[in-house]
Amino acid sequence: MDIDSALKSVMEFDIKKHCHVNSNEDGDRFVGIKADSDNAMVYFPIGYELPVTDAEIRTDIKDLIQILSEFTTKDDRLLALNRFAAPQSVDFPINAYKSVIEYYFSIGGNYYIETDPTYKTAPTGKQDWPKTIKKKMPLVQSKNGISSFIFTDFVVRSTQPNDTKLITQINRYCVFEAFKRLGWLYVPFMPEEPGPHPDVKTSISIVQDKYAETNDDKKKNLFRGMLDMLEYMDEKTSDKQFYFGTDDFDHVWEKLIDRAFGEPDKDKYFPRSRWFLDYGKYKEKRPLMPDTIMIYNSKYYVLDAKCYKYGWTGRPDHLPNASSINKQITYGEYLERYKGVNPQSLFNAFIMPFNMATNFFNITEPVGTIGEAVGDWRGNTKYYERIQGIVMDTRYLMHHYVGKPEKERNALAECIEAVTTRPPIPSAPDQHKVINYSYYMQPRPLMVAESPTPYGTDSET
């Protein structure tokens, strides 16, 4: 049974009941998996639209695991159980458990079994000449005074599966433990009990030897997974529940945006600063670092990824604050004044998550604009001084972050460049005058770009 067949076989286990989309409220920020042998819950980030079918949800869970594995570190995967308790490590080797289960399915729902060499007498087969010469009597044939030996039977080599070997016992144990923790993601059943097997420390030593001596990549991946599992179990023998994920998905959101749209050498666009001290050496401070610099069609876009709740709540209190706004303007000014970027080709934007299937803005595309932010201390005549508020569908981004997708870059650029069609910003108010922002209250066409692309499809380039 392969993975696809296993997924299709799941009928009675409604996995959607084991999924939750968080709200980014206190106590509801965890993204990842919490599970034990009896139950499991998968927590998706704010703005995520769960698909309809079980098979699609299971695929999305695997994608979520991949993203968390790729974009989080061990430090990110620390979960504070409460404000007064020390953080608990949640660096669970989830990919090791997946690799053991997936190998099990890849060989038809069987365990890893090695074979022993056996020998038999037969007229055909893979001949073992040293054994044949020692054990078989040849016929002597003479022709033209020359004698030759002819063998009519040979000692041939074959193999016999041996499921009593220790490595098979260890694999059975690992498969059973992997299904206890993660089997619910694939099928609603458990394999049989593993039977006798070496203790964990002995198993680690045996698998280490197998890993070192094999050159088969598929087997090497299996042994690496088994080894990671065993080492985890050796350290966490008393744990009955595991966590894999993070309370700080904000960093993952930033990295997703940067991977999808950013330049790899963005550090050269950072404004730097330093202290010249009267005592001791001068100290260079960490530079201001925009999350992402996108260069597209010879235009520059400074992007600040904000995993804020505004795209879900529609409440202005959940928008980036003044310090974030002013910092974005500083980035733009630095690029204009010290990097020589034409202000007519320089833009600024906040990127926030939302759900295009359910939102307060009536936006039905993966990317859309919701307004703009300015600093009242600026003239706001340059595009980069008007930071565009952009919402991006969470699930869409998680399916389209690979490979600098051209279609998505074009859609984002069009949304940000909506600033070129907006009316001028009114002058900033003084302390006795109330500014009139009534033009923002007038109905305006939504500034969105591109038609929806079905989830899971490759982006066009």
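Some remarks on the overall build of the chain
Along its length, the chain carries 12 helices and 19 strands. Buried positions account for 46% of the 461 residues belonging to the chain. Accessible surface, the chain as shown: approximately 24,500 Å² in total, 50% of it carbon and sulfur.

Observations concerning the environment of V200
Position of V200 among the secondary structure elements: in helix 6 (residues 200–213). Between the C-alpha atoms of V200 and Y232, which are 32 residues apart in sequence, the distance is 10.0 Å. Excluding its chain neighbours within four sequence positions, the residues that come into contact with V200 are Y173, L230 and D234.

Structural notes on helix 6
Taking 1.5 Å per residue, 14 residues should reach 20 Å; helix 6 reaches 20 Å between its end C-alpha atoms and fits that length. A side-chain oxygen of the first residue of helix 6 lies 3.1 Å from the backbone nitrogen of K201; this N-cap is D199.

Quick look at the pattern of salt bridges
All chains considered together, the criterion is met by 23 salt bridges. Of the charged contacts, one joins D54 and R58 as a salt bridge, the two residues approaching to 3.8 Å between their closest N and O atoms. Taken together, the residues span about one helical turn, with D54 and R58 both in helix 2 (residues 54–71) at a distance of four residues. Across the pair, exposure class does not vary: D54 and R58 are buried alike.

What to know about the side chain of N171
Structurally, N171 can be placed in helix 5 (residues 166–182). By relative accessible area, which is 2% here, N171 ends up buried. Residues contacting N171, with those up to four places away along its chain left out, are Y111, Y112, L222 and M226.

Brief notes about the side chain of K98
Residue placement: K98 occurs in helix 3 (residues 94–106). On the basis of relative accessible area, K98 is assigned to the buried category, the value being 13%. In contact with K98, not counting residues within four places along its chain, are K62, I65, L182 and Y186.

Details of the packing of aromatic side chains
As enumerated under the stated definition, the model contains 14 aromatic pairs in all. Both rings, one in F30 and one in Y43, keep their centres 5.7 Å apart while their planes meet at 75 degrees; by these two values the pair is edge-to-face. Of this pair, F30 sits in the loop between strand 1 (19–21) and strand 2 (31–36) while Y43 sits in strand 3 (residues 40–44); the two residues are 13 residues apart in sequence, bridging distant segments of the chain. Grouping residues by exposure puts F30 and Y43 together as buried. Grouped by ring-pair contacts, the aromatic residues Y104, F105, Y111 and F179 constitute a single cluster. Here the basic side chain of K34 rests over the ring of Y43, its NZ or CZ set 5.4 Å away from the ring centre.

A short note on helix 7 (residues 217–235)
In a regular helix each residue adds 1.5 Å, so 19 residues correspond to 27 Å; helix 7 covers 27 Å between its end C-alpha atoms and thus fits that length. Two or three places before K218, at the start of helix 7, stands the capping residue D216, its side-chain oxygen 2.9 Å from that residue's backbone nitrogen.

Side note on the environment of L303
You can see L303 is positioned in strand 15 (residues 299–305). C-alpha separation for the pair L303 and I351, spaced 48 residues apart in sequence, amounts to 6.8 Å.

Considerations on the nonpolar core
Note that soluble globular proteins tend to have their nonpolar side chains buried in a common cluster. With 82 residues, the main nonpolar core has I61, W184, L303 and L412 as its most contacted residues. Counting residues in each nonpolar core, the second largest holds eight residues, with I293, V302, Y331 and V341 among its members.

Some details on the pairing of strand 14 (residues 292–296)
Burial analysis of strand 14 places four of its five residues in the buried class, the great majority of the element. Pairing analysis gives five bridges linking strand 14 to strand 15, with the strands arranged antiparallel. Directly across from I293, in strand 15, lies its bridge partner V302.

Here's the deal with the pairing of strand 16 (residues 346–354)
Regular strands place side chains that alternate from one sheet face to the opposite one. Of all the nine residues making up strand 16, nine are buried; the element is thus mostly covered by neighbouring parts of the structure. Alternating positions in strand 16 separate into two faces, L346, N348, F350, M352 and F354 on one and F347, A349, I351 and P353 on the other, with burial throughout. Relative to strand 16, strand 15 runs parallel, the two being bridged by six bridges. Bridge pairing links D304 to F350 in strand 16. Pairing of strand 16 with strand 18 (residues 387–393) involves six bridges; the strand directions are parallel. Each bridged residue has a counterpart across the sheet, and for I351 the counterpart in strand 18 is I390.

Describing the environment of Y310
In this structure, Y310 sits in helix 9 (residues 310–313). Separated by 43 residues in the primary sequence, Y310 and P353 place their C-alpha atoms 8.1 Å from one another. Contact partners of Y310, with chain neighbours within four places excluded, come to R315, P316, H318, L319, M352, F361 and I370.

A closer look at the confidence of the model for the chain
Put simply, the chain has an average pLDDT of 81, and 75% of its residues get 70 or more. A low-confidence stretch, residues 1–12 (pLDDT under 50), is modelled with 24 contacts involving residues beyond four sequence positions or located in other chains. Every residue in residues 431–435 is under pLDDT 50, and counting partners more than four places away or in other chains gives four contacts.

Regarding unusual backbone geometry
One non-glycine residue, N297, adopts positive backbone phi at about 55 degrees. Note on placement: N297 falls in the loop between strand 14 and strand 15. Residue S298 is not a glycine yet carries a positive backbone phi of 65 degrees. Summarising the element assignment, S298 is placed in the loop between strand 14 and strand 15.

What counts as what
Residues numbered from 1 in each chain as written. Predicted model: local features only at pLDDT ≥ 70, side-chain atom pairs only at ≥ 80, totals over all residues. Heavy atoms only, no water. Helix = DSSP H or I, 4+ residues; strand = E, 2+ residues; numbered from the N terminus. Buried < 20%, exposed > 50% of the residue type's maximum accessible area, 1.4 Å probe, protein only. Areas by Shrake-Rupley, 256 points an atom, 1.4 Å probe, with all protein chains shown as cover. Contact = heavy atoms within 4.5 Å. Expected span 1.5 Å × (residues − 1). Polar contact = N/O pair within 3.5 Å; in protein donor to acceptor, adjacent residues only side chain to side chain. Salt bridge = Lys/Arg side-chain N within 4 Å of Asp/Glu carboxyl O. Phe/Tyr/Trp six-rings, centres within 6.5 Å; stacked < 30°, edge-to-face > 60°. Lys NZ or Arg CZ within 6 Å of the ring centre and 35° of its normal. Core = buried A, V, L, I, M, F, W, Y, C linked by side-chain atoms within 4.5 Å. Pairing = 2+ DSSP bridges. pLDDT = per-residue confidence, 0-100.

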